[in-house]
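# Coordinates in review
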Amino acid sequence: MYGVGLIKGLGVTIKNLILPGRQFTIHQYPDRKIGPIGLARMEGKNPLAFALSRPGETLKAMMGLVSVPDKRQDQHPRFRGEEFSWYDNRCTGCASCAKYCPLGIIKIVTSPSETAMQEGDKYAIDVFDIDIGRCMFCGLCVEACPYDALHMGSGFEEGTYTRAELVINVDMLKAAPKKPSQWFRPQLTSQNYNPLDSDGKEASSQDVHRHEKPSQSDQEKTWGQR
Amino acid sequence: MHEIQTAGILDFGSLERFFQRVLPDSLDRFAFFIAAFTLAFIVINVMVQTTAVYTWFERRVLGRFQGRLGPNRWGPFGMLQPIADLIKLMTKEDMVPKIADRWSFNLAPIILVFPTLLVVAVIPFGPDSFLGRLNIGILFVLGVTSVNTIAIFMAGWGSANKYAMLGAMRGVAMLVSYEVPMALGVVGVLILSGSLAMSDIVIQQNVPFLIVQPLGFLIFIAAASAEMSRTPFDQIEAESELGSGYNTEYSSMKFGMLFLGEFMAPLVTGMIVTTLFLSGTRGFDPIPGQVWFVGKTFAVVFALLWVRATWPRLRVDQIMAFAWKGLFGMALVNIFLIAVEVAVFQDDAGKISTNSLWIMSAINWAIAIGVIVAVANILGQPNLERPTPVPSPLANMYAEAD
Amino acid sequence: MAVKTEPVTINLGPQHPSTHGVFRLRVKFDGEVVLDVEPVFGYLHRGTEKLAESRTYVQIVTLTDRLDYTASMSNNLSYVLAVEKLAGIEAPERAQYIRVICAELARISSHLMATGFLLNDLGAFATPLMYCFRERERILDLFEMLCGARITVSYMRPGGVLQDPPDDFWPALTRINDDLPQYFDELESLITGNEIVLARTRDVGTISAEHAINASISGPILRATGVQWDVRRADPYEIYDRLDFDIPIGAVGDTFDRYLVRIQEMRESVKIIRQCIEQTPDGPYRADAPWFIRAPEGDAYAAVEGPKGELGFYMVSDGDISPYRCKIRAPSFINLTALTDMLVGWKMGDLITIFGSLDVVLGEVDR
C-alpha cells in the first residue's frame with residue numbers, strides 16, 4: 001500500500017531495461033543489426049585493432065547500419081519444418097503416407113515398371129503431390145512411412161504468391177535438398193546428423209536408413225531361400 | 001519595456017524590431033506579419049521534427065522495457081522510422097464514415113494539434129520565450145491546453161462511432177476534472193515565484209521547485225498525464241477497452257495529425273514541467289542552458305515512458321475519484337502550505353533566500369509524505385487484509401466415489 | 001431539467017483487442033455500466049467433434065492440438081487417456097511421466113499467457129505480457145525439442161508418446177524448471193502488490209462457490225471461489241497419485257483471486273515437474289499399440305485437469321477404426337456459463353478485466 005507496490009513495479013521494469021541479459025525476447029530474422037564490437041568479434045579481431053584497420057565499417061556499425069545474417073537461431077534438429085525430404089530410391093509407392101494423412105492431401109499414382117533382381121518388384125512413382133497449402137505438418141505421413149523414404153524437412157520459408165504453387169509435385173520433391181529433420185528418425189539422431197548445419201551436408205539415402213543395410217551375403221542367403 | 005539581455009533566443013519582440021529596421025519605412029506594417037510567420041515557421045517545424053524523433057525514442061525505449069527490439073530497420077538504429085510511418089500514413093486511403101459529422105470530424109485533428117503548438121511559444125528555451133517575456137505565460141498555457149478537450153469531443157462525436165463516442169465522453173469528463181488539480185498544482189509555483197511569466201519562474205528557482213514542493217510536482221505530473229491521456233489515466237484511448245477510443249474512425253493523415261498531437265503532448269508536458277519544477281534552462285555553467293533544457297525535458301519524458309511501460313490503467317470512476325477526492329484536496333493543502341511558508345519566510349522586500357527554500361523543502365517533503373499516506377488511507381480500499389482461503393464445504397475431492 | 005437517456009448497445013467483438021480471439025459480446029450499456037450481456041460465439045467453429053468421426057484414433061490427435069492452442073499438450077493427454085481407456089491400452093510408466101511433465105509445462109505456459117493478457121486487458125501496455133511470453137517461449141523451445149513443433153505438438157499417441165525426449169531435453173528442462181520460480185517472483189513483484197491492479201481487480205467480478213458449482217465451472221475460476229476441486233486429486237490419472245503437490249484456492253472468488261490461484265498453480269506445477277524429473281524411470285516410451293486402433297464397442301470418458309478446467313473426452317466406439325462419437329467437454333466453453341451474472345452491474349473496464357480473468361480460448365469454446 002501507499003504506492004510501494006507501484007514503485008516496486010517500476011524497479012522491475014527498469015531492471016529489465018538495464019540488465020543486458022534480460023533484453024530481447026525477440027531476434028530479428030533473417031539478419032540482425034550489429035554494433036562495432038560485435039562486428040569485430042565476428043571477424044575475430046580486437047575491437048580497437050578492427051577500428052583502426054577498417055574505420056569506415058566501424059563507423060557504419062556505430063551508426064547501426066551494419067546487418068549480418070543471424071546465425072543464432074536455436075532451432076532444434078528435431079524441428080518439423082514446412083518441407084519434405086523424399087528419397088525416391090527408397091520409396092516403394094505403398095501410399096501409406098497418403099492413407100495415414102488426416103487431411104488426405106497426398107496423392108500418389110504409381111505404375112508397375114521394373115523389377116530389381118535383389119529387392120523385388122518396384123513401382124515407379126508417377127504422381128506424388130503434397131498440397132502443403134492444406135498441410136498441417138503433423139508428420140503422420142512420415143511416421144507411417146515403412147521404408148524411411150519420406151522425412152520432414154527443417155526449412156520454413158515456403159511462402160508463395162498463389163495457392164497453386166503450394167502443391168509439391170514429384171519433380172520438386174526429387175529436386176528438394178535432402179536435409180531431413182531428426183523428427184521421428186532416431187537413426188539420424190544416433191548419427192548426429194543435424195539438418196541445420198550451415199555447411200549444407202545432405203543426408204544420403206543410406207544415412208536415413210532405419211536398419212543396417214543387409215550385407216551382400218545376407219541378401220544372397222535371403223533370396224537364395226526363395 | 002523589458003530590455004533583451006542576451007541573444008540566446010529570438011523572441012517575437014526583437015524579431016519585429018529587426019524587421020522594422022531592415023524593411024523600408026513604407027513596409028513597416030508588414031514587419032509584424034513577417035515576424036509572426038518566421039516565428040510560427042520555426043515553432044511548428046522544430047516541434048514536428050522533435051515529435052518525429054520522440055516517436056522513435058518512445059517506441060525504441062518502450063521496446064527495450066518490454067524485451068523487444070523496437071524499430072531498428074531503416075536508418076541508423078531505425079531513426080528514419082518516423083519518415084516511413086509518415087509515408088505509410090500519407091499513402092493510406094482517407095476514409096470518412098458516411099454518417100459522420102463532417103465538419104467536426106475534419107476539424108478535430110487540426111484543433112487537437114494547435115494548442116500544443118501554441119504552448120511552445122511561451123516556453124522559455126533561453127532567458128526568454130518565443131513570445132518574449134509574456135507576463136501571463138502560465139495562464140496562457142493552462143488556457144490553451146484546455147482547448148483539446150473540445151477537439152477530442154469533436155472527434156468522438158463526429159465519428160458517429162459508439163467506441164469513439166464513449167472515449168470522447170470519458171475524455172471530456174476526465175479532462176475537465178483534471179484541469180482543476182492541474183491549475184491548483186501550479187498555484188504553489190506561482191506563490192513561490194511571485195510571477196505568472198514562465199521566464200520569471202525559471203529565474204526564481206534557486207532551488208528547483210521539484211525539491212521545494214514535491215506535492216505540487218506530483219499533483220501537476222498526475223494531472224498532466226491525465227490531460228494527455230497516458231497510463232494510468234489513458235481512459236480516452238483505452239486500447240484494450242475501446243479499440244482506439246476517439247480516433248477509431250480516423251485514417252490517413254487525419255490520423256497522422258491526431259498521432260502528432262498525441263505524441264507532441266508528452267514533449268510539451270516535459271517542457272512545462274522542466275520550466276515549472278526543474279528550473280528550466282538553469283544548470284552548471286559550461287553546458288549551455290538550451291542543452292540543460294532539452295536534457296531535462298527528455299528526462300521527464302523518459303519518466304513518463306517508464307510509468308507507461310509499467311503501470312496498468314485505472315477505471316473511469318477511480319480516475320474521477322482520484323481527481324476530486326485525492327488530487328483536489330492535496331492541491332489545496334499544497335497551496336495553503338506554500339502560502340503560509342511564504343508569509344513566514346519572505347523578507348521585507350518580498351524575497352525568499354535560498355536557505356529558506358531549503359528549510360521549506362524539508363518541511364514540505366515531510367508533509368508531502370504525510371498527505372500521501374493520509375490520502376492513500378482515505379482512497380485506498382478499506383479491507384486490505386484478504387480472508388485466509390478456507391476450502392468450501394460444498395465439494396470434497398478426497399471423498400470416495402459412491 | 002431531467003435529461004432523457006437511453007441504454008446503448010455495443011458489439012464488443014468479434015474484432016476487438018480484448019476478446020481473446022473472435023468472441024463477441026453484445027453488451028447493453030447505461031453510460032459505462034453494463035446492463036445486459038449476450039455472448040455470441042461460433043466464429044471459430046471447425047466441427048472438431050464431427051471431423052473426429054471420420055478419422056482414425058491417431059489422426060484425431062492432430063485435431064486436439066487445435067482446441068486450446070495455448071496448452072495443446074493437455075488436450076493431447078486428455079484425448080489419449082480416453083482412447084486408452086476405450087481400447088484398453090496401458091501406457092508404459094516412462095511415457096506417463098513424460099506426459100505429466102508435458103501437461104504441467106503446458107499449464108505453466110497457458111497460465112503465463114492468461115496472466116499476461118489479463119494485465120494487458122488492465123491496460124499495462126504489454127509489458128507484463130512480453131515478460132510472460134519470454135518465459136513461455138522457453139517452454140515452447142522444450143516442446144520443439146520433444147516433438148519438433150511449438151504449438152501444434154501432436155506429441156502423444158494412444159499408448160505412450162511419439163518419441164523419447166532427446167538427450168539435451170532433460171538438462172534444459174531442469175534449467176528452466178529452476179529458473180521459473182525466480183521469474184514468477186519477478187512477475188509477482190511487478191503485479192501482485194501493484195495498487196492499481198489491486199484497485200482494478202479486487203472484489204471485482206466476484207462469483208460465489210455455490211454459483212460456480214451450479215454453473216459447473218471448473219479449473220482456476222472454481223478454485224478461486226474456495227472450492228478445493230482438482231481432477232488431479234479427485235480422480236488421479238497417470239501418476240499424479242505418486243506426486244506431492246497442493247491445490248491452491250482463493251478466498252473470495254474475484255478477479256484478483258483468479259490471478260493469484262494461477263500464479264500459485266504455476267509454482268505447484270514447477271514442484272510437480274521437479275518430482276517427475278527425479279522419478280522418471282527408464283524403459284519403453286510407447287506401448288505396442290497398433291496404428292489403426294480398433295477399439296471394442298463401448299464408451300469411455302477421461303478427464304484431465306487442464307489449465308482452464310476439467311478437460312474431458314467422451315468417446316463412443318462401434319468397433320470401427322474411428323470413433324462413433326467424440327464429445328469434448330471444453331472447460332473454456334462451460335466456464336462462460338456464468339459470464340452474464342459476473343458482468344452485469346460492472347463498468348466497461350471491469351467487463352474487459354473479468355472476461356480476461358476467465359481466460360477463455362476461442363479454439364476451445366467454438367471447437
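Residues numbered from 1 in each chain as written. Chains lettered and ligands numbered in written order. Predicted model: local features only at pLDDT ≥ 70, side-chain atom pairs only at ≥ 80, totals over all residues. Heavy atoms only, no water.

### Observations concerning the overall build of chain A
Put simply, the test is: The helix count covers DSSP runs of H or I at least four residues long, the strand count covers runs of E at least two residues long, and both are numbered beginning at the N terminus. We call a residue buried when its accessible area falls under 20% of the maximum for its residue type, exposed when it is over 50%, and partly exposed in between, using a 1.4 Å probe and counting protein chains only. Any two residues whose heavy atoms approach within 4.5 Å at even a single point are treated as in contact. For the area figures, the Shrake-Rupley method with a 1.4 Å probe applies, and any residue is considered shielded solely by the protein chains shown.
Of the regular secondary structure elements, chain A holds 9 helices and 7 strands. Within chain A, the fraction of its 226 residues that count as buried is 40%. Partitioning the contacts of chain A with sequence separation of at least 6, the portion at a separation of at least 24 is 69%. Carbon and sulfur atoms make up 55% of the accessible area of chain A, which amounts to about 12,900 Å² in all.

### Re the packing of aromatic side chains
Formally: Between the rings of Phe, Tyr and Trp (Trp by its six-membered ring), a pair exists once the centres lie within 6.5 Å; its type follows the angle of the planes, with under 30 degrees stacked, over 60 edge-to-face, and the other angles tilted. Ring-over charges, as used throughout, are those where CZ of Arg or NZ of Lys falls within 6 Å of the ring centre and within 35 degrees of the ring normal.
Evaluation of the coordinates by the stated rule reveals 29 aromatic pairs over all chains. For the ring pair Tyr100(A) and Phe292(C), a centre distance of 5.0 Å and an interplane angle of 65° mean the geometry is edge-to-face. Placement of the pair is Tyr100(A) in helix α5 (residues 96-100) and Phe292(C) in the loop between α11 (255-279) and β6 (298-305), with the two residues belonging to separate chains. Pairing Phe117(C) with Phe133(C) gives two aromatic rings, centres 6.2 Å apart and planes at 80°, and the pair type is edge-to-face. Residue Phe117(C) is found in helix α4 (residues 93-122), and its partner Phe133(C) is found in helix α5 (residues 127-147); the two are separated by 16 residues along the sequence. Of the residues examined, Phe117(C) reaches a relative accessible area of 27% and is grouped as partly exposed. An aromatic cluster is defined as three or more aromatic residues linked by ring pairs; in this entry it consists of Tyr54(B), Phe57(B), Phe255(B), Phe259(B), Phe263(B) and Phe298(B). Just above the ring of Phe133(C) sits the side chain of Arg136(C); from NZ or CZ to the centre is 5.4 Å. Its guanidinium or amino end placed over the ring of Phe245(C), Arg233(C) lies 4.5 Å from that ring's centre, counting from NZ or CZ.

### A look at the pattern of salt bridges
All names here are of chain C. The following threshold applies: The salt bridge definition used is simple: a Lys or Arg side-chain nitrogen within 4 Å of an Asp or Glu carboxyl oxygen.
The tally for this structure, following the rule as stated, stands at 43 salt bridges over all chains. The partner of Arg242 in a salt bridge is Glu93, with the nearest N and O atoms 2.7 Å apart. Taken together, the residues span a long stretch of sequence, with Arg242 in the loop between α10 (231-234) and α11 and Glu93 in helix α4 at a distance of 149 residues. When its relative accessible area of 43% is taken as the criterion, Arg242 is described as partly exposed. The class of Glu93 is partly exposed, set by a relative accessible area of 38%. Three or more residues are tied together by salt bridges with common partners; here these are Glu104, Arg107, Arg223, Asp230, Arg232, Glu265 and Glu305.

### As for the layout of surface pockets
Formally: Both site types are read off a 1 Å grid over the protein atoms alone. A 1.4 Å probe that fits but cannot get out defines a cavity, while an open set with protein on both sides within 12 Å along at least five of seven lines defines a pocket; lining residues have an atom within 4 Å of a point. Grid points are joined across faces, edges and corners, and a volume is the space filled by probe spheres set on the points. Amino acids are sorted into nonpolar (Ala, Val, Leu, Ile, Met, Phe, Trp, Tyr, Cys and Pro), charged (Asp, Glu, Lys and Arg) and polar (every other residue, Gly among them).
Of the volumes computed, that of the largest pocket is approximately 1,700 Å³. Lining the largest pocket are 48 residues, and of these Gly3(A), Leu6(A), Leu218(B), Trp311(B) and Phe322(B) lie nearest its centre. Considering every element that reaches the lining of the largest pocket, the biggest residue donor is helix α15 (residues 354-379) of chain B, with 8 residues. Classifying every residue of the lining of the largest pocket by side-chain character gives 37 nonpolar, 6 polar and 5 charged.

### A few points about the domain arrangement of chain A
Note the cut-off: The domain boundaries here were taken from an automatic or database domain assignment.
For chain A, the domain assignment lists domain 1 (4-69) and domain 2 (81-190). The C-alpha centroid of domain 2 of chain A is placed 42 Å from the C-alpha centroid of domain 1 of chain A.

### So, helix α14 (residues 316-345) of chain B
The condition is simple: Expected helix span is given by 1.5 Å per residue-to-residue step, counting one fewer step than there are residues. What is called the bend at a residue is the angle between a pair of axes, fitted to the seven residues leading up to and ending at it and to the seven starting from it.
Over its 30 residues, α14(B) runs 41 Å from end to end, which matches the ideal 44 Å to within 8%, given 1.5 Å per residue. By the largest-angle criterion, Phe322(B) marks the main kink of α14(B), which is about 35°.

### Concerning the sheet that holds strand β1 (residues 8-12) of chain C
Residue and element names in this part refer to chain C. Quick reminder of the rule: Pairing between strands is defined by DSSP: at least two bridges between them are needed. Axes here mean lines fitted to C-alpha atoms, for a helix over just the part in contact, with angles spanning 0 to 180 degrees between N-to-C directions.
Read from one edge to the other, the open sheet built from 3 strands follows the order β1-β2-β3, with strand pairing classed as antiparallel. Two strands lie at the open edges of the sheet, namely β1 and β3 (33-40), each paired on one side alone. Strand-to-strand twist of the sheet, defined as the mean angle between neighbouring strand axes without regard to direction, takes the value 20°. Here 7 bridges tie strand β2 (residues 24-30) to β3, and the two strands are oriented antiparallel to one another. From the neighbouring strand, Arg26 faces β3, where its bridge partner is Glu38.

### Let's talk about empty space enclosed by the protein
Residues and elements named next belong to chain B. Tallied over the full model, the rule gives 8 cavities of 30 Å³ or more. The space that makes up the largest cavity amounts to roughly 330 Å³. Every residue lining the largest cavity is counted, 21 residues in all, and those nearest its centre are Thr116, Asn148, Glu227, Met228 and Ala265. Those elements that provide at least two residues to the lining of the largest cavity are α4 (102-120), α6 (147-158), α10 (214-227) and α12 (252-277). Residues that form the lining of the largest cavity fall into these classes: 12 nonpolar, 6 polar and 3 charged.

### Some details on the side chain of Ser181(A)
Residue and element names in this part refer to chain A. How we decide: Side-chain atoms alone can form a polar contact between residues adjacent in sequence; in general such a contact is a pair of N or O atoms within 3.5 Å, and within protein one must be able to donate a hydrogen while the other accepts it.
Counting through the fold element by element, Ser181 comes out in the loop between α7 (170-175) and α8 (186-190). Classification of Ser181 as buried rests on a relative accessible area of 0%. Of the polar contacts made by the side chain of Ser181, one reaches the backbone oxygen of Pro77; its length is 3.3 Å. The residues contacting Ser181, other than those within four sequence positions of it, are Pro77, Arg78, Phe79, Met152, Gly153, Ser154, Leu188 and Pro195.

### Describing the interface of chain B and chain C
For clarity, the threshold we go by: Values labelled buried area give the accessible surface lost by two parts on being combined, using a 1.4 Å probe and summing over both.
Taken residue by residue, the interface counts 41 residues in chain B and 55 residues in chain C. Carbon and sulfur atoms make up 59% of the area that chain B and chain C hide from each other, which totals about 4,000 Å². Of all residues in chain B, the largest losses of buried area upon contact with chain C belong to Arg315(B), Arg386(B) and Met397(B), amounting jointly to 19% of the total for that side. In this assembly, chain B and chain C are joined by 10 residue pairs in polar contact (both at pLDDT 80 or more). Class assignment of the residues belonging to the side of chain B that touches chain C gives a composition of 20 nonpolar, 11 polar and 10 charged.

### Things to note about helix α1 (residues 4-18) of chain A
In a regular helix each residue adds 1.5 Å, so 15 residues correspond to 21 Å; α1(A) covers 21 Å between its end C-alpha atoms and thus fits that length. Considered for burial, the residues of α1(A) that qualify are Gly5(A), Leu6(A), Gly9(A), Leu10(A), Val12(A), Thr13(A), Ile14(A), Asn16(A) and Leu17(A).

### Focus: unusual backbone geometry
In most cases, non-glycine residues show a negative phi, while peptide bonds are predominantly trans. Residues other than glycine seldom take positive phi values, yet Ala95(A) does so here, at roughly 65°. Relative to the elements of secondary structure, Ala95(A) occurs in the loop between β3 (84-86) and α5. With a phi angle near 60°, Asp203(C) is a residue other than glycine that sits in the positive phi range. Mapped onto the secondary structure, Asp203(C) falls in the loop between α7 (195-201) and α8 (209-214).

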